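# Results of the structural survey
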Amino acid sequence: MSTFDPLREQLTQAAREFGGDVVSDVLTGLVDDVDRALREELEIFPVCHHSPASALAMVRRLREKQPKVIYLELCEDLQPLLTELRNCRLPVAVQAFATDIDGFPASWAPLSVVAPITEASAEYQAISYALETPGVELVLVDRSTDHVFQWAPKEEPDKKEHTEEGGLHGDAVGVEIGDLRPRFAELEEHLLHHGKVRHWSEWWDQYVEQPLAGADYDTYRQVMVLIGSLFRRLDRGGDRLSVDEDRERYMWTRMREHLAASGADPADCLYVCGAFHAASRVEQFGLRSTASFEISPRAGTKWLYGLIPSSHSAIEAQFGLASGSVSIAAASWAKSLTRSKLTPFQLAGQKGARKRAAKLPVPVARGEVADRLTGFLSKPPALDEMDEAELLGWSVDIVRLARRNGYLASTADAIAVFETSILLAGMRNRARPTPYDFQDAAVTCIEKDVVPGRRDVRRLCEILLGGDRVGEVGYDAMPPLARDVYDRLAPLGLDLEKRTIQRALLDLNANPDLVPCSDLLWKLRYLLPSDAVRPIMGERGLGERSIQESWDVAFGKHQRSIIELGYEGVTIEQVLEQRLRRSVWDPKATAAVALAAVEDAVIFLGGRRIADELGARAVELLASERSVDDAPEVLRRIRRLMAHYRAHEPELPAWCEEFATSGYAHYCTLLPTAFVADDTGVRQVAAMLGFLFSMESLAISLGCDRAQLELAVQQSHPESPAKVALLWAARSQLGLLSQAELRERCDELLANPLVVPSFPHYIIGFVQAMEPVPALSGFVVEVISKAFGRLPDRVLLPWLPKLITALRDQAGELVPVLVREAGRTFPGTLGAVDSWVPPWSARPAAATPAAPAASGPVAELLMGHPAACDAVAGLLGCEGSWQAPAAGGADHGEVTALLADHPEPALAVAGLLA
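Residues numbered from 1 in each chain as written. Predicted model: local features only at pLDDT ≥ 70, side-chain atom pairs only at ≥ 80, totals over all residues. Heavy atoms only, no water.

## Quick look at the overall build of the protein chain
Keep this limit in mind: A helix here means a DSSP run of H or I that spans at least four residues, while a strand means a run of E at least two residues long, and both kinds are numbered starting from the N terminus. When accessible area is computed with a 1.4 Å probe and restricted to protein chains, residues below 20% of their type maximum are described as buried, those above 50% as exposed, and intermediate ones as partly exposed. Residues count as neighbours in contact if any of their non-hydrogen atoms are within 4.5 Å of one another. Where accessible areas are quoted, they stem from the Shrake-Rupley method and a 1.4 Å probe; at the residue level, only the protein chains shown are allowed to cover.
What the protein chain contains, in helices and strands, is 39 helices and 13 strands. Expressed as a percentage of its 914 residues, the buried residues of the protein chain come to 49%. Long-range contacts, defined as pairs at least 24 residues apart, comprise 77% of the intrachain contacts of the protein chain with a sequence gap of at least 6. For the protein chain, the exposed area adds up to about 43,900 Å²; of that, 55% sits on carbon and sulfur atoms.

## Some remarks on the pairing of strand E2 (residues 69-75)
For the record, the criterion: Here, any two strands with at least 2 DSSP bridges between them count as paired.
Counted residue by residue, E2 has seven buried out of seven residues, so it is predominantly covered. Looking at chain direction, E2 and strand E6 (residues 137-142) are connected through five bridges and run parallel. What sits directly across from Ile-70, in E6, is Leu-138. With four bridges joining them, E2 and strand E8 (residues 269-274) adopt parallel strand pairing. Within the sheet, the bridge partner assigned to Tyr-71 lies in E8 and is Tyr-271.

## What about the pattern of salt bridges?
Should the charged atoms of two oppositely charged side chains come close, the side chains can pair. Filter applied, for reference: We count a salt bridge whenever a side-chain nitrogen from Lys or Arg sits within 4 Å of a carboxyl oxygen from Asp or Glu.
According to the stated counting rule, one finds 49 salt bridges in the structure shown. Note that Arg-545 and Asp-519 form a salt bridge whose closest N and O atoms lie 3.0 Å from each other. Taken as a pair, Arg-545 in the loop between strand E12 (533-537) and strand E13 (548-553) and Asp-519 in helix H19 (residues 515-527) lie far apart in primary sequence, 26 residues in all. Arg-545 gets classed as exposed once you look at its relative accessible area, which sits at 55%. Here Arg-639 makes a salt bridge to Glu-771, at a shortest N to O gap of 2.5 Å. Taken as a pair, Arg-639 in helix H24 (residues 631-648) and Glu-771 in the loop between helix H31 (759-769) and helix H32 (777-790) lie far apart in primary sequence, 132 residues in all. Owing to a relative accessible area of 31%, Arg-639 belongs among the partly exposed residues under this scheme. Three or more residues joined by partner-sharing salt bridges are found here, namely Glu-599, Glu-633, Arg-636, Arg-637 and Arg-640.

## A look at the sheet that holds E12
The following threshold applies: Working convention: axes come from line fits to C-alpha atoms, limited for helices to the stretch in contact. Angles between N-to-C directions cover 0 to 180 degrees.
Spatial strand order, E11-E13-E12: three strands in an open sheet with antiparallel pairing. Both edges of this open sheet fall to strand E11 (502-507) and E12, since each of them pairs with a single strand only. For this sheet, the mean angle separating the axes of adjacent strands, direction not counted, is 25°. Where E12 meets E13, four bridges bridge the pair, whose relative direction is antiparallel. Its bridge partner lying in E13, Arg-534 is registered against Asp-552.

## A word on the packing of aromatic side chains
Test applied: Note on aromatic pairs: the rings of Phe, Tyr and Trp (six-membered ring only in Trp) are paired at centre separations within 6.5 Å, and the planes decide the class, stacked below 30 degrees, edge-to-face beyond 60, tilted for the rest.
Under the definition given, this model contains 20 aromatic pairs. Here Trp-151 and Tyr-250 contribute two aromatic rings whose centre-to-centre distance is 6.1 Å and whose plane-to-plane angle is 75°, an arrangement assigned as edge-to-face. With Trp-151 in the loop between helix H5 (145-150) and strand E7 (173-174) and Tyr-250 in helix H9 (residues 239-262), this pair connects stretches of sequence that are 99 residues apart. Summarising the aromatic geometry, the rings of Tyr-526 and Phe-604 are spaced 5.4 Å apart at their centres and angled 45° between planes, so their arrangement reads as tilted. With a gap of 78 residues between them, Tyr-526 in helix H19 and Phe-604 in helix H22 (residues 591-604) connect regions that are remote in the sequence. We classify Phe-604 as buried; its relative accessible area is 13%.

## Overview of the sheet that holds strand E1 (residues 43-47)
Across the sheet, which stays open at both edges, the four strands sit in the order E1-E8-E2-E6 with parallel pairing between neighbours. Each end of this open sheet is capped by a strand with a single partner; those strands are E1 and E6. Between one strand axis and the next, the sheet turns through 30° on average, direction left out of account. With five bridges connecting them, E1 and E8 associate as parallel partners. The residue of E8 that forms the bridge with Ile-44 is Tyr-271. Strands in contact with helix H3 (residues 52-65) are E1, E2 and E8; relative to E1, the strand with the most contacts, it is inclined by about 155°. Against the sheet, H9 touches E1, E2, E6 and E8, its axis set at about 145° to E6.

## Here we look at a nonpolar patch on the surface
This is how it is decided: Exposure above 30% relative accessible area and no salt bridge define the residues that can form patches, which grow by joining like charges within 9 Å and nonpolar side chains of Val, Leu, Ile, Met, Phe, Trp and Tyr within 5 Å.
Among the surface-exposed residues, Val-858, Leu-862, Met-863 and Trp-882 lie close enough to one another that they form a single nonpolar patch of about 380 Å² accessible area. Among the structural elements, Met-863 can be located in helix H36 (residues 857-864).

## Comments concerning the environment of Arg-372
Here Arg-372 lies in the loop between helix H12 (325-340) and helix H13 (373-378). A residue is classified by how much of its surface remains accessible, and Arg-372, at 37% relative accessible area, is partly exposed. The spacing of Arg-372 and Leu-7 is 365 residues in sequence and 10.0 Å in space, taken between C-alpha atoms.

## Some details on the packing of H24 against helix H25 (residues 654-676)
Note the threshold: Note on angle classes: values under 35 degrees are labelled roughly parallel, values over 145 roughly antiparallel, values of 65 to 115 roughly perpendicular, and the remainder oblique. Rotating anticlockwise by less than a right angle from the far helix to the near helix defines a left-handed crossing, while the corresponding clockwise rotation defines a right-handed one.
Running from N to C, H24 and H25 point in directions that differ by 150°, and their axes come no closer than 11 Å. As the angle between them shows, H24 and H25 are arranged roughly antiparallel. Considering only the axes of H24 and H25, their crossing is left-handed. Where H24 abuts H25, its residues Ala-631, Val-634, Ile-638, Leu-641, Met-642 and Tyr-645 lie against Trp-655, Cys-656, Phe-659, Ala-660 and Tyr-667.

## A word on the nonpolar core
The condition that has to hold: Put simply, buried Ala, Val, Leu, Ile, Met, Phe, Trp, Tyr and Cys residues joined by side-chain atoms within 4.5 Å make one nonpolar core.
Residues Tyr-71, Tyr-271, Leu-489, Phe-555 and Phe-659 are the most contacted members of the largest nonpolar core, which totals 231 residues. Top element by residues in this core is H25. It accounts for eleven residues. If we skip the residues at most four places from it in the chain, Tyr-71 touches Leu-42, Val-139, Val-141, Met-255, His-258, Leu-259, Cys-269, Leu-270, Tyr-271 and Val-272. In terms of nonpolar packing, the next biggest core, distinct from the first, is built from 24 residues, Tyr-436, Ala-442, Cys-461 and Leu-465 among them.

## A look at a negative patch on the surface
Here is the rule: We count Lys and Arg on the positive side and Asp and Glu on the negative side, and we leave His and both chain ends out. Lys charges are placed at NZ, Arg charges at CZ, Asp charges at CG and Glu charges at CD.
A cluster of like negative charges, contributed by Asp-629, Asp-678, Asp-679 and Glu-719, occupies part of the molecular surface. Structurally, the position occupied by Asp-679 is in the loop between H25 and helix H26 (682-694). Of the residues examined, Asp-679 reaches a relative accessible area of 67% and is grouped as exposed.

## Notes on helix H11 (residues 312-319)
Across the eight residues of H11, seven count as buried, placing the element largely inside the fold. Every buried residue of H11 is accounted for by His-312, Ser-313, Ala-314, Ile-315, Glu-316, Gln-318 and Phe-319. Immediately downstream of H11, the backbone of Gly-320 shows phi near 70°, a positive value.

## So, helix H4 (residues 122-132)
Of all eleven residues in H4, nine are buried, a share of seventy percent or more. Inspection of H4 places Ala-122, Glu-123, Tyr-124, Gln-125, Ala-126, Ile-127, Ser-128, Tyr-129 and Ala-130 among the buried residues, and these make up the whole buried set. Those residues of H4 that are buried are in contact with E1, H3, E2, strand E5 (111-117), E6 and H12.

## A short note on unusual backbone geometry
Along the chain, Leu-90 connects to Pro-91 via a cis peptide bond; the corresponding omega equals 5°. Its location among the elements puts Pro-91 in the loop between strand E3 (88-89) and strand E4 (92-98). Backbone geometry at Gln-66 places phi at a positive 50°, although glycine is not the residue there. By secondary structure assignment, the location of Gln-66 is in the loop between H3 and E2. Its relative accessible area of 15% is what places Gln-66 among the buried residues. Although it is not a glycine, Lys-341 adopts a positive phi angle of roughly 60°. Tracing the chain through its elements places Lys-341 in the loop between H12 and H13. Here Lys-341 falls in the exposed class, since its relative accessible area comes to 75%.

Laid out in structure tokens, this is it:
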């Protein structure tokens, strides 16, 4: 006869009276699951993650049983990391990380799995016991991190929008050790409603944690398996249940393999898993099962492992727990230890933990398991009486904390919080106010409807009841790269483990030894989040070096980011080099991205090797582009790089010359299409022309043909006004259109009433033309001045806002150039304005007799070949006629006297020529 037969009969009879056969099957199935789990030869210890009740039961059971082998539900490839927990301050998370993935969709990268560990968890107690007790073996039996993603749906996982509190885990997939939450939405809603609570964490604390905190082991174990069985039987199935069942098959297979290989006695073993898995019904369940399960091989992804800091709020955000629930659990754990006088297990040298003696008593053999469920389910649990001293202390402390944060709280508010907490507990049928009742009372009595500062009262309650404890990874547990960073920044004299922002002052002239620290800080600035390393004073650019720098450093807060850099390489320089290469070889990389990578390589890494490699890639990307959207960025960066190389190198790198020739041919080819394409802006076309004109001399010297550019301009036939103006400027630069003709065309536009409304677009084109044709700035000032001077207000005022908006949006960086040119053109004083005559409209001076032109060899040469002078005069828009030289020649008495006084140079030249 089974131990639970009387309970099964009671539940069957009750179910038939109230719910029929369906409910009867469910209730009797719960008892069957409990009976099956307890009769298993390998002792199963069901847990709930971050549960103080589970941790207390684990401490009691480990001291009583003292197992020789502990099987733990955690990814099996994370086992080598557990010994490094000695060098950390909890909470921390063990992490598996992969950037170069093989066998998974590329859009999933990077892959990350974290398993957070807190002191108030049964898993940590089991780990501490196993690592600190001689002769005890700890075996992780859950699927590997590779199988976590092998068994995931093939569509891209959803990226969680994590808050600042949950940012310590980022977008990592959380491994929930002992996850225990109903997956039947109607059941959870029913429990929350009738339990008069807002969140599942609050229901669990009220109806499971408190009753089981002081329960004996048999009661705890049977109740936890019962809850796991209930949630499992009400689960609607789906992909998640299928994955969980595969995990159970995986774990039982691994345990049977280990027992067969090691020869361990199952009576000396303990299997620690979530209560959901303890009620498993898969065919591989139990050591006596002969059902096999084929474990698929791992993919080719190379996984990197490490420890990252975690926090209570990060765990809550990762696993959907109520805000403050993990902090409340930690406070309950500490209080329960004091009350029960239990000595928990902890790792030797654990940071932030008190030294406790860990003497183990003599193991106690257990007898036959008795039925504890009947008694537990038939009567309400004996809850603790209200601790008035504790509640009064909370009420006084929350008022003090609220006043420090700007609330107008007083002693009367403390009394109100105290009484309201008791009132709320009574309304919710609770024997004593819980921390959640206290939070609600504090919000009602203190916060009311105003939050004067950054923190609301609910957050202040979380701080009061335990705070958001943040873990820390010790120096010895860090990857080599992180340790190298800490060592290289040691001369700064900062405590880099602090979570506060620290100020570093560097006088690089007085202390040249700090130059390597400055170089490293700039590299970290490039690799880490913006608020991890922030320059306050100082700048680093091409050819720029600061003599004094000031930095705000917050490494303690961003320790996770530094540790994850260690997964990418051994040194910061290696990681930076890999990041630059990855950026330029990305499928979406452009020539502008590659030039930016070249610039970063020159600034942060120095040398020519990596810069030349990235520059060669930039040439390839430019030649393959079919769009000119990045032309302004390409022009800006290649100009800056060439100016740097010309100033600091004896010659340009080969890739720069190749970039100039390839870009010249590339943009000449695309220019006619870009002029007429509607999706290509005037800014992009101006940048193309700027590249062609500024690189023209270099490209021609390297073998390019100028006729290619002239032909491209001749084939361009734009229709939009801005591009028409830009084309006119390009033709003017090439000598195909004189400035006089350009001025005449603009005057015709201003005189045409049909064109005047679109004249601002012409102005935008001319302003953009100042980028490729800087000499045109004076003419642009002339065009704008003529428009403002000739057009009446009824025409000028409607399109003036359009002009201002267009200049701000499309040519913001060129407006200062235009303003400077206007400052040189217009008078500098107010009094001179009335008498000022614009140079483009100056009246011709009175005719004066032309002075005879000087005679001599130069005059004879020019008059003998007048075509060259006529062409230059026509290009400049100058009009005039040739003058006859003076009769008899000019008097050069001064030259004659000079040669007579100093004959030595003339004699030396004559001797040289002879």
